[in-house]
Amino acid sequence: MGVLDDLPAAHRGWLDELGEATLEAFRHLDAAYTAIHYGRFPDDSPLGRLARTWGDAGWRNMALWMQLCMRTPYGISNPVSTDMARRKLRWTAQELDLLWRTTLAPSERERMTDHLYRIPIAAIKHLSAAEREPLLPYLRQAQREIDDVPHASNWQAKRVLDDLLAEHPTDDPADATRSLLPEGDGFAALVREEYGRRLGHPALVPLVRHWTAATAGNPAAKWSARASSLLTPEAVALVREVLGRVPAYREKVEKRQYGDYEHTVVTYFHERTAVLLRGMIWTLDLVDEPWVTGLLGDVAVATGTGIGGSGANSRSELVANAAIGALARRGGLDVVTQLARVQAKVRKKSILSKVDRTLEAVSARTGLSPEQLLERTVPTFGLGRDGTRTEHGLRISLDGTITYGSRKTIPKAVREKHKDLLTELKATAKELKKALPAERFRVERALSTERIWRWHEVCEFYLGHPVTGSFGRTLIWEILQGPAGLPVQVDGAWELMDPDGRRIRPRPDTPVQLWHPISHSADEVRVWRDHLISYGLRQPFKQAFREVYLLTPAEERTRDHSLRFANHLLRYGQAKALLTGRGWTGMSLGHWDWAGGSGQSAAVKTLPGGLTASWSFELDMDSFDRDGYGGTASICVSGDLRVISEDGRRPVPLAEVPPLILSEMLRDADLAVGVTSTGLDPQGHGDYWHSYGFGDLSETARVRRDALTRLLPRLVIADRAELTDRFLRVRGDLRTYKIHLGSGNILMEPNDAYLCIVPQGSGDQVFLPFEEDGGMLSIILSKAFLLAEDKAITDPSIASQLH
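This report concerns the structure included in the present document.

Conventions we followed
Residues numbered from 1 in each chain as written. Predicted model: local features only at pLDDT ≥ 70, side-chain atom pairs only at ≥ 80, totals over all residues. Heavy atoms only, no water. 1 Å grid on protein atoms, 1.4 Å probe; cavity = no way out; pocket = protein on both sides within 12 Å on 5 of 7 lines; lining within 4 Å. Points joined across faces, edges and corners; volume = space filled by probe spheres on them. Nonpolar A, V, L, I, M, F, W, Y, C, P; charged D, E, K, R; others polar. Salt bridge = Lys/Arg side-chain N within 4 Å of Asp/Glu carboxyl O. Helix = DSSP H or I, 4+ residues; strand = E, 2+ residues; numbered from the N terminus. Buried < 20%, exposed > 50% of the residue type's maximum accessible area, 1.4 Å probe, protein only. Pairing = 2+ DSSP bridges. Axes fitted to C-alpha atoms, helices over the stretch in contact; angles between N-to-C directions. Contact = heavy atoms within 4.5 Å.

1. Thoughts on empty space enclosed by the protein
The gaps of empty space that remain are located by a probe, the size of a water molecule, rolled over the atoms.
So, step 1. Evaluated as defined, the whole model comprises four cavities of 30 Å³ or more.
So, step 2. If you add up the space inside the second largest cavity, you get close to 60 Å³.
So, step 3. Around the second largest cavity, the lining residues are L447, E450, E478, Q513, L514, H516, S519 and L660.
So, step 4. A per-class count over the lining of the second largest cavity returns three nonpolar, three polar and two charged.

Right under this line is the structure:
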């Protein structure tokens, strides 16, 4: 048993090339083959002691014997070839040639792992390019063969081989790029196609090879020094261009059939692509340009978010962490804006922890809290207090729209004359569209955490700021344990004015906070709601009309958990995205794919005071079975809500949870149900659909009803509409309709026949006192306006139901 007896006849000619000393060594090794066939090969084994007496030549004989063993019917164990590949041996040119011929010769045994290539690649990786030159035909053949093996891009042997071949330029510079960046994903294909020749230029190849060696968590000083010595202006331009393509790049989601089952496969960055990008990101430590910080923020947001730009996973945690790490090393207040964007969009807990640590580090250097850092670094984008900027007749508004005078279409002559200015304004508009949702998220978070400011801070960062001020100036502020009011500016100074017109003048150091209805009586809340309606003031999120969730008798009985929002059928993907956007993580349902999880999971959210909210979910197996084993979950069932103690060991009795924290947690749950329930489906059916679509109102729906109570008298259909306990009743010319205030579903009198209307527009022609998540109030109003003039309905899908 061994090489001398079992080498196939087609390859026995190789033995004729060997000297007697090598063949004698093979006889000893064949005799001991069974002793090492399934185990590691330690230096203190009998063969190890024998090899040491042979010296370097003995180890080479053993390595060659092992390589030949792979051509026998018995093969050789993988760990043994791995051990031999770690040795640095002095091979002769003749031995190297034979070693590579034995490796590449045709074989009946399938080459499905990289162990066949480990010893020959280890034999050449320490050679100079000139010493490897005679072996190039073998190396290129090996590269082609490995490229044909499925999943071989993960092989360590392939990485080394690709790296070595990049040192040997061909007539096409792109060959070097193709060696260093295998086409394992769509982004690698893009880079190879569009930047291959530039990256493969001989002057840049050493730096590209250096980027592919960015395998540690952070750049070592030695790595950065080497990058600095290789960096050129052309390389900096390429880094900017390649990383600039990341935000627009999207994952590839495809269905693959495995036997009887279909699986979802998601491809974003292959590991080698991610490592190359990490090397590029590390290189930006050496670039002192104003565009770097924003680019790092773009990359962190794009790669840190989950599939489709949401979810608790991340597209590439490796790349996202590299970008955040680069921001941390840059330091300074300008990085805080980018970190705020990551906080607003990303929900991967490990990434957010890294952001928190970075903010804490900047905070320690500046003496400001992380919250103070965020509010002090919101850019103005060159806007005035009115939220606009005008130059040469071109005007950009806070929402990112660019106009010329009163015209939305900019004349060609103006575009040509002010080309550079227009380019700058378009870039600003792009940044504004990123900043606004991040600021809205941050300000609403402050409301739900009872943050306290000094009045001079509010004036500077929340009222006078052109971006944040667009939110802050429409919110109610209250002096701690004192009066509340809306901001007004009198003689250049900010004051507060209550609903009765009384002015309140806080001192600069007066502590203030955002007003929350949970701390006020029903009469106070009613006054503020009436005031907003009468003045036509729209808030960026629900404040005066914010839902309040107090502990119920049922929750007092269940003590440590709430069933208020249990047993609802929710559209899984939509519910996950909504909860993720509100700071919940961990919701992962589905089976056996990259994006999935299991049949049960819990969404969790960090609450003030170190507490954690936990909401359980499970798959609705009926709908999942229709999707197929291994498919993506479509419907989930909500379970109980709990609050977990700071140490994570026990559920906290709900009566011990601060009322504001409990209310905001339950509000998130109500919002998720109110927006994603299958009971909202206009074409739904079944018991759950009927009970949700026409049943009792949730707290969100009750607040919606309260808003309609104030809005209806102002509407042109006021004489045709009235509110009942659960419905908006609208009298048309053909029939009378009842629109449910929770689901928006419609019944027709007198027999309560169901009317199916798929929402096509909104009620934006009507003033609403708040921006509502999900837009149900707008949908209800749009249906009301439509049905009040039912004779004018021409849509056959609706008209046929009316008769």
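Next, the rest of the story.
2. Description of the pattern of salt bridges
So, step 1. Per the counting criterion, the structure on display carries 46 salt bridges.
So, step 2. R720 is paired through a salt bridge with D733; the nearest N and O atoms lie 3.0 Å apart. Of this pair, R720 sits in the loop between helix 33 (699–711) and strand 16 (721–723) while D733 sits in the loop between strand 17 (727–731) and strand 18 (736–740), placing them 13 residues apart in sequence.
So, step 3. Under the relative-accessibility criterion, R720 is labelled partly exposed at 23%.
So, step 4. For D733, a relative accessible area of 43% gives the class partly exposed.
So, step 5. Put simply, R440, E444, K542, R546, E547, R582, K605, E664, R667 and D668 are held in one network by salt bridges that share partners.

3. Comments concerning the sheet that holds strand 5 (residues 402–404)
By way of backbone hydrogen bonds, the strands of a sheet pair with one another, either parallel or antiparallel.
So, step 1. With antiparallel pairing, the three strands of this open sheet are ordered in space as 3-4-5. A strand with exactly one partner marks an edge of an open sheet, and here the two such strands are strand 3 (388–391) and strand 5. The mean inter-strand angle of the sheet, taken between neighbouring strand axes irrespective of direction, is 20°.
So, step 2. For strand 4 (residues 394–397) and strand 5, the ladder comprises three bridges, and the chain directions are antiparallel. Bridged to I396 within strand 5 is I402.
So, step 3. Along the sheet, helix 24 (residues 419–448) makes contact with strand 3, strand 4 and strand 5, crossing strand 4 at roughly 5°.

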